[in-house]
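Summary of structural features
Here are the chains, one letter per residue:
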Amino acid sequence: AQSVTQPDIHITVSEGASLELRCNYSYGATPYLFWYVQSPGQGLQLLLKYFSGDTLVQGIKGFEAEFKRSQSSFNLRKPSVHWSDAAEYFCAVGAGGTSYGKLTFGQGTILTVHP
Amino acid sequence: EAQVTQNPRYLITVTGKKLTVTCSQNMNHEYMSWYRQDPGLGLRQIYYSMNVEVTDKGDVPEGYKVSRKEKRNFPLILESPSPNQTSLYFCASSFGGGLADTQYFGPGTRLTVL
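So, here is what we can say about the structure in this document. Quick caveat: nothing in here was measured; it's all calculated off a predicted structure.

The helix and strand tally for chain B stands at 0 helices and 11 strands. Secondary structure elements in chain B, listed N-terminal to C-terminal, are β-β-β-β-β-β-β-β-β-β-β. Relative to a compact globule of 114 residues, whose C-alpha radius of gyration would be 13 Å, chain B shows 13 Å and is just as compact. Out of the 114 residues belonging to chain B, those deemed buried represent 50%.

The subject of this paragraph is the packing of aromatic side chains. The relative placement of two aromatic rings is captured by the distance of their centres and the angle of their planes. Scanning the model with the defined rule gives 15 aromatic pairs over all chains in all. Between Tyr50(A) and Phe74(A), the ring centres sit 6.4 Å apart and the planes meet at 45°, which makes this aromatic pair tilted. Within this pair, whereas Tyr50(A) is found in strand E6 (residues 44-50), its partner Phe74(A) is found in strand E9 (residues 73-78), the two being separated by 24 residues in sequence. Side by side, Tyr50(A) and Phe74(A) carry an identical accessibility label, which is buried. Taking the centre distance of 5.6 Å and the plane angle of 85° together, the rings of Phe105(A) and Tyr35(B) count as edge-to-face. Taken together, the residues span two chains, with Phe105(A) in strand E11 (residues 101-105) and Tyr35(B) in strand E4 (residues 31-38).

Within the structure shown, the criterion is met by 1 cavity of 30 Å³ or more. Within this model, the largest cavity holds a volume of roughly 70 Å³. Lining the largest cavity are 12 residues; nearest its centre among them are Leu103(A), Gly98(B), Leu99(B), Asp101(B) and Gln103(B). Listed by contribution, the elements that provide at least two residues to the lining of the largest cavity are strand E5 (32-38) and E11 of chain A. Its residues assigned to classes, the lining of the largest cavity shows 5 nonpolar, 6 polar and 1 charged.

At the interface, 26 residues of chain A touch 24 residues of chain B. Between chain A and chain B lies a buried interface of about 1,800 Å² when both sides are counted; carbon and sulfur atoms form 55% of it. Across the chain A-chain B interface, the total number found is 0 salt bridges. Our enumeration of links across chain A and chain B arrives at 3 residue pairs in polar contact (both at pLDDT 80 or more). Those elements that place two or more of their residues in the side of chain A that touches chain B are E5, E6, strand E10 (87-96) and E11 of chain A. Here the side of chain A that touches chain B takes 5 residues from E10(A), the largest share from any one element. When grouped by side-chain class, the residues that make up the side of chain A that touches chain B number 11 nonpolar, 12 polar and 3 charged.

A word on the state of the cysteines. All chains considered together, the criterion is met by 2 disulfides over all chains. One disulfide in the model links Cys23(A) with Cys91(A); its S-S distance is 2.0 Å. The sign of the S-S torsion, about -65°, decides the handedness of the disulfide formed by Cys23(A) and Cys91(A): left-handed. Of this pair, Cys23(A) sits in the loop between strand E3 (19-21) and strand E4 (24-26) while Cys91(A) is found in strand E10, placing the two residues 68 residues apart along the sequence. The residues Cys23(A) and Cys91(A) share a single accessibility class, namely buried. Note on cysteine connectivity: Cys23(B) is disulfide-linked to Cys91(B), with sulfurs 1.8 Å apart. Measuring handedness by torsion sign, the sulfur bridge of Cys23(B) and Cys91(B) sits at about -70° and is left-handed. Here Cys23(B), found in strand E3 (residues 19-25), pairs with Cys91(B), found in strand E9 (residues 87-94); they are 68 residues apart in sequence, far enough to count as distant. One exposure class covers both Cys23(B) and Cys91(B), and it is buried.

A general feature of soluble globular proteins is that nonpolar side chains tend to end up buried together. The biggest cluster of nonpolar side chains holds 26 residues, and the ones touching the most others in it are Leu19(A), Trp35(A), Leu47(A), Leu48(A), Phe74(A), Leu76(A) and Tyr89(A). Secondary structure elements with two or more residues in this core: strand E2 (10-14), E3, E5, E6, strand E8 (64-68), E9, E10 and strand E12 (109-114) of chain A. Setting aside anything within four residues of it in sequence, one finds Leu47(A) in contact with Trp35(A), Tyr36(A), Val37(A), Gly59(A), Ile60(A), Lys61(A), Phe63(A), Leu76(A) and Tyr89(A). Within the second largest apolar cluster, 19 residues are counted, among which are Cys23(B), Cys91(B), Leu111(B) and Val113(B).

Calculation rules
Along each chain, numbering runs from 1 in the same order as the chain's sequence is written. The naming scheme follows written order: chains are lettered A onward, ligands numbered 1 onward. Only residues with pLDDT of 70 or above have their local features reported here, since the model is predicted, and side-chain atom pairs are shown and tallied only from 80 upward, although totals for entire chains, interfaces and linings are computed over all residues. Hydrogens and waters are ignored; side-chain quantities use all the structure's heavy atoms. For helices the rule is a DSSP run of H or I covering at least 4 residues; for strands it is a run of E covering at least 2, with both sets numbered from the N terminus onward. For a compact globule the rule gives 2.2 Å times the number of residues to the power 0.38, and the radius of gyration it is set against comes from C-alpha atoms. When accessible area is computed with a 1.4 Å probe and restricted to protein chains, residues below 20% of their type maximum are described as buried, those above 50% as exposed, and intermediate ones as partly exposed. Whether two aromatic rings pair depends on their centres lying within 6.5 Å, for rings of Phe, Tyr and Trp, where Trp uses its six-membered ring; planes under 30 degrees apart make the pair stacked, over 60 edge-to-face, and the rest tilted. Method remark: on a 1 Å grid restricted to protein atoms, a set of points is classed as a cavity if a 1.4 Å probe fits but cannot get out and as a pocket if it is open with protein on both sides within 12 Å along at least five of seven lines; lining residues have an atom within 4 Å of a point. Grid points are joined across faces, edges and corners, and a volume is the space filled by probe spheres set on the points. Note on residue categories: nonpolar means Ala, Val, Leu, Ile, Met, Phe, Trp, Tyr, Cys or Pro, charged means Asp, Glu, Lys or Arg, and polar means any other residue, Gly included. Contact between two residues is taken to exist if any of their heavy atoms lie within 4.5 Å; hydrogens are not considered. What counts as buried area is the accessible surface, traced by a 1.4 Å probe, that two parts surrender upon association, with contributions from both included. What counts as a salt bridge is simple: a side-chain nitrogen of Lys or Arg found within 4 Å of a carboxyl oxygen of Asp or Glu. Counting of polar contacts relies on pairs of N or O atoms within 3.5 Å, with two restrictions inside protein: one atom must be capable of donating a hydrogen and the other of accepting it, and residues adjacent in sequence are counted only when both atoms are side-chain atoms. By disulfide we mean two sulfur atoms from cysteines, separated by a distance within 2.5 Å. Residues enter a nonpolar core if they are buried and are Ala, Val, Leu, Ile, Met, Phe, Trp, Tyr or Cys, with the set joined through side-chain atoms within 4.5 Å.

See below:
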């Protein structure tokens, strides 16, 4: 069965600083990987996803993530954080395929941005 | 506007009092799903539905029921709620259910069972 670990429960950065959120997954085959963001009081919004091909994927809001098979990681990065990026971030791994895909979510990382 | 709606957004109830949380999507999606979110556990899938009259258990189905009589609606039923079902619930939908299909999430329903 697949699993996802987000080692950092809470991260605090200053506005304008760079950001990296860690995600490690466990899955026997080639994984489908996702990052979602949840702003306070809102549902989850998809930031980016990786299925195959280029291991560096670009997403919305200036985020990117890099798939590293050797490290079983899919870390999320942003070069310069804005105050509006304060939210909770979830990494997810998908198993299955074209007919039905099950998502397994990590525990989430809460991002606080200081002015 | 394409969206997933949930009602109510907040609910406080007592143990044993049956309740229903509604979920509706206006995107003609075939796949719908319910998750619960608990601190430190992320989101866990309760039930999902691949189409009308087709539902199946997720990871944590105990204490919940669902039905899918219409394509757009996927209500979550708690027939006898207990305090351990206090949680934040999300409904989601996608076009076909495959991993290539983006899941759209509703705004969430915060349930407290006393």
